[in-house]
Amino acid sequence: MDNQQKGIIFNIQRFAIYDGPGIRTTVFLKGCPLRCWWCHNPESHEPLPEKIEGCNVRRGFDQSFSMGKDEIGKEISVNELVNEIVKDKIFYEESDGGVTFSGGEPLMQPDFLFEALKECKTQGIHTTIDTSGYSPSEVINEAVEYSDLFLYDLKLMNDDIHQKYTGVSNQLILKNLIELDQLGKKIILRIPIVPEITDSNENLRAIRGFVSYLNNLIEVNLLPYHRAGEGKYQRYGKENKMDKTDSPDSQNLESIKQFFSELKCRVKIGG
Ligand code: SF4
């Protein structure tokens with residue numbers, strides 16, 4: 001393999017257990033068209049590498065694959081990336097795991113993503129895309145060819161509220177979800193549970209109603225908002241609009257889990 005197609009990533013997390021089945025390597029691609037208020041990866045937003053002045057950036061990179069400590073994002077070839085991914089192939093095989101491409105929004109770099117996915121498939125590695133669904137339909141349709149599974153975020157069903165809290169309309173996201181299902185791809189739905197934003201009865205009822213028509217929904221993950229990303233906003237000098245919000249309480253999460261259990265698929269709190 002000598003694939004020199006280049007892309008920009010900002011992290012590689014090995015031994016990940018919350019980004020799809022089994023033990024996985026999660027690759028975080030840089031760039032996202034959304035600006036969710038609760039995002040815990042604000043360093044993913046801009047598509048190009050960024051210089052950070054006067055701070056120490058810590059990452060989950062393997063020692064053999066580090067970036068400059070004052071820089072977020074690094075250009076990497078498919079060749080280099082897949083060489084990293086295959087290092088843990090034995091763990092994928094033993095745990096029914098694989099590789100997950102996340103972000104940011106991985107579908108923002110389709111040429112790089114598809115080449116990387118193709119190489120992983122050639123190596124016999126299970127592939128997953130973790131997406132906001134906000135992508136041109138033709139890109140999603142092509143992604144179906146190379147990805148075994150989709151982790152698909154659904155946040156808010158009311159379009160005005162969606163625009164307010166993410167910066168974009170949800171219409172394309174809903175359309176792509178239906179198309180993905182019609183193409184027969186397995187989908188794990190991910191719903192961020194953010195107090196007083198996504199956790200209203202009205203929103204959760206609308207999500208459940210919408211996804212109840214999907215044929216290939218295999219699991220629902222309820223992702224509780226947490227404040228772990230808070231320090232990053234300070235560190236990177238970005239505005240945090242969530243500084244007064246706490247994590248949802250466990251009783252509320254359990255009742256939301258119960259509410260979604262009517263879908264007849266597995267429902268989990270967490271990824
Ligand atoms: S889609 Fe994901 S990465 Fe993009 S802003 Fe929202 S939470 Fe952050």
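For the structure itself, consult the block above.
Residue positions are counted from 1 within each chain, in the order its sequence is given. Confidence filtering applies because this is a predicted model: local features only for residues at pLDDT of at least 70, side-chain atom pairs given and counted only at 80 or more, and all residues used for totals across whole chains, interfaces and linings. Processing note: side-chain calculations cover all non-hydrogen atoms of the structure and skip hydrogens and water entirely.

Asker: Could you clarify how one ought to interpret the overall build of the protein chain in this entry?
Answerer: A count of helical and extended segments in the protein chain gives nine helices and eleven strands. Against the 2.2 N^0.38 benchmark of 18 Å for 271 residues, the protein chain shows a C-alpha radius of gyration of 18 Å, consistent with a compact globule. Taken along the three principal axes of its C-alpha coordinates, the protein chain extends 50 × 45 × 35 Å. Across the 271 residues of the protein chain, 54% fall into the buried class. By the convention used here, residues are in contact when the closest approach between their heavy atoms is within 4.5 Å. By sequence separation, contacts in the protein chain at least 24 residues apart represent 69% of the contacts at least 6 residues apart. Each accessible area value is a Shrake-Rupley result obtained with a 1.4 Å probe; residue values ignore everything except the protein chains displayed when judging cover. Surface exposure of the protein chain reaches about 12700 Å², of which carbon and sulfur atoms provide 46%. A distance of 3 Å separates the average location of the 32 positive side-chain charges in the protein chain from that of its 41 negative side-chain charges. Where helices and strands are cited, they refer to DSSP runs of H or I of at least four residues and of E of at least two residues respectively, numbered from the N terminus. Radius of gyration here is computed from C-alpha atoms only, and the compact-globule reference equals 2.2 Å multiplied by the residue count raised to the power 0.38. Exposure classes here rest on a 1.4 Å probe applied to the protein chains alone. A residue is buried below 20% of its type maximum, exposed above 50%, and partly exposed in between. Counting rule applied: Lys, Arg positive; Asp, Glu negative; His and chain ends not counted. By convention, charge coordinates are those of NZ in Lys, CZ in Arg, CG in Asp, or CD in Glu.

Asker: Would you mind going over the site of the ligand with me for this structure?
Answerer: Neighbouring the ligand are the residues Cys 32, Leu 34, Arg 35, Cys 36, Cys 39, Ser 44, His 45, Gly 104 and Ser 132. Under a 2 Å grid-point criterion requiring more than half of the atoms, the pocket assigned to the ligand is the largest pocket. Three classes are used: nonpolar for Ala, Val, Leu, Ile, Met, Phe, Trp, Tyr, Cys and Pro, charged for Asp, Glu, Lys and Arg, and polar for all others, with Gly counted as polar. Of the residues in the shell around the ligand, the class split is four nonpolar, four polar and one charged. Throughout, the term near means that a residue has one or more heavy atoms lying within 4 Å of the molecule or strand in question. With a 1 Å grid spanning the protein atoms alone, the term cavity applies to any set of points in which a 1.4 Å probe fits but cannot get out, the term pocket to an open set with protein on both sides within 12 Å along at least five of seven lines, and the term lining residue to any residue with an atom within 4 Å of a point. If over half the atoms of a molecule are within 2 Å of the grid points of a cavity or pocket, the molecule is regarded as sitting in it.

Asker: What am I meant to see in empty space enclosed by the protein here?
Answerer: To locate leftover empty space, one rolls a probe as large as a water molecule over the atoms. Grid points are joined across faces, edges and corners, and a volume is the space filled by probe spheres set on the points. This model, assessed by the stated rule, comprises two cavities of 30 Å³ or more. Estimated volume of the largest cavity: approximately 60 Å³. Trp 37, Trp 38, Cys 39, His 40, Tyr 225, His 226, Arg 227, Gly 229, Glu 230, Tyr 233, Asn 240 and Met 242 are the residues that line the largest cavity. Residues that form the lining of the largest cavity fall into these classes: six nonpolar, four polar and two charged. Here the second largest cavity defines a volume of roughly 30 Å³. Around the second largest cavity, the lining residues are Leu 34, Ser 132, Asp 153, Leu 154, Lys 155, His 162 and Ile 173. Split by residue class, the lining of the second largest cavity holds three nonpolar, two polar and two charged.

All we've got here are geometric facts, nothing functional implied.
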